[in-house]
Amino acid sequence: MSENNELVITREFAAPRDLVFKVWSEAEHLKNWWGPKGSKLEVARMDFRPGGVFHFKLMYPEGPDMWAKFTYLVAESPERIVYVSSFSDPEGQIVRAPFSDMFPLEIRNEVLFTEAEGKTIITLTGTPINMSVEEMDFYKGMFDSMNHGFRGTFDQLAEYLEEV
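Residues numbered from 1 in each chain as written. Predicted model: local features only at pLDDT ≥ 70, side-chain atom pairs only at ≥ 80, totals over all residues. Heavy atoms only, no water.

Engineer: Looking at this structure, I do not really get the nonpolar core. What am I missing?
Structural biologist: In globular proteins that are soluble, nonpolar side chains generally tend to be buried together. In this structure, Trp-24, Trp-33, Trp-34, Tyr-83, Phe-154 and Leu-157 are the most contacted members of the largest nonpolar core, which totals 39 residues. Ranked by residues supplied to this core, first place goes to helix H4 (residues 143-163) with 7 residues. (Core = buried A, V, L, I, M, F, W, Y, C linked by side-chain atoms within 4.5 Å. Buried < 20%, exposed > 50% of the residue type's maximum accessible area, 1.4 Å probe, protein only. Helix = DSSP H or I, 4+ residues; strand = E, 2+ residues; numbered from the N terminus.)

Engineer: I'm lost on H4 in this one. Help?
Structural biologist: What sets the pattern is the α-helix's 3.6 residues per turn: residues three or four places apart point alike. With 21 residues, H4 extends 30 Å from end C-alpha to end C-alpha; this agrees with the ideal 30 Å at 1.5 Å per step. Listed as buried for H4 are Phe-143, Met-146, Asn-147, Phe-150, Gly-152, Thr-153, Phe-154, Gln-156, Leu-157, Tyr-160 and Leu-161. (Expected span 1.5 Å × (residues − 1).)

Engineer: When you look at the packing of helix H1 (residues 17-25) against H4 in this model, what are you seeing that I'm missing?
Structural biologist: When two helices pack together, their arrangement is given by the angle between their axes and by how far apart the axes lie. Where H1 contacts H4, the axes come no closer than 11 Å and their chain directions differ by 120°. In terms of axis orientation, H1 runs oblique to H4. Judged by the twist between their axes, the crossing of H1 over H4 is right-handed. Between H1, through Leu-19, Val-20, Val-23 and Trp-24, and H4, the contact on the second element is made entirely by Phe-154, Leu-157, Tyr-160 and Leu-161. Across the contact of H1 with H4, the residue classes tally to 8 nonpolar, no polar and no charged. (Axes fitted to C-alpha atoms, helices over the stretch in contact; angles between N-to-C directions. Parallel < 35°, antiparallel > 145°, perpendicular 65-115°, else oblique. Left-handed = near helix turned anticlockwise from the far one by under 90°. Contact = heavy atoms within 4.5 Å. Nonpolar A, V, L, I, M, F, W, Y, C, P; charged D, E, K, R; others polar.)

Engineer: What is the right way to read the side chain of Glu-135 from this model?
Structural biologist: Tracing the chain through its elements places Glu-135 in helix H3 (residues 133-141). Discounting chain neighbours no more than four positions away, the residues touching Glu-135 are Arg-96, Asp-101, Met-102, Phe-103, Pro-104 and Asn-130.

These values are about where atoms sit, not about what they do.
The structure is reproduced here in structure tokens:
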């Protein structure tokens, strides 16, 4: 689903909001579910606070490793996380996406956590910042692919929440 230039994904999880927020905000949990299906995550740095960084490497059985980072803007437990995501090099410097020079360098992501009858509804909204018109067009053209990727990531989150 998209609204204007924003990627908007909503998903319900059969777990309390405090737990869902916790597994989004701690490295020991993120490494167990974050990323596309089939990938493994290695945490290089995790500092969950406004101004802090989550720097990580995604490793794939087929294909090259990818580095990325989140720079946190807001960390309001258990309601909201806002971060800027970008691809990076191993040192944490922002780089172009390995799959296209047209993908925006930075995406502002807001994750809202709403509790309803013991379940948690997550609404993730992603919006490119400081992008060209061409980068925005490319980003919008990737909505189907990004929805598919987040669906797999959120499937892994749902499975992980059953274990913790």
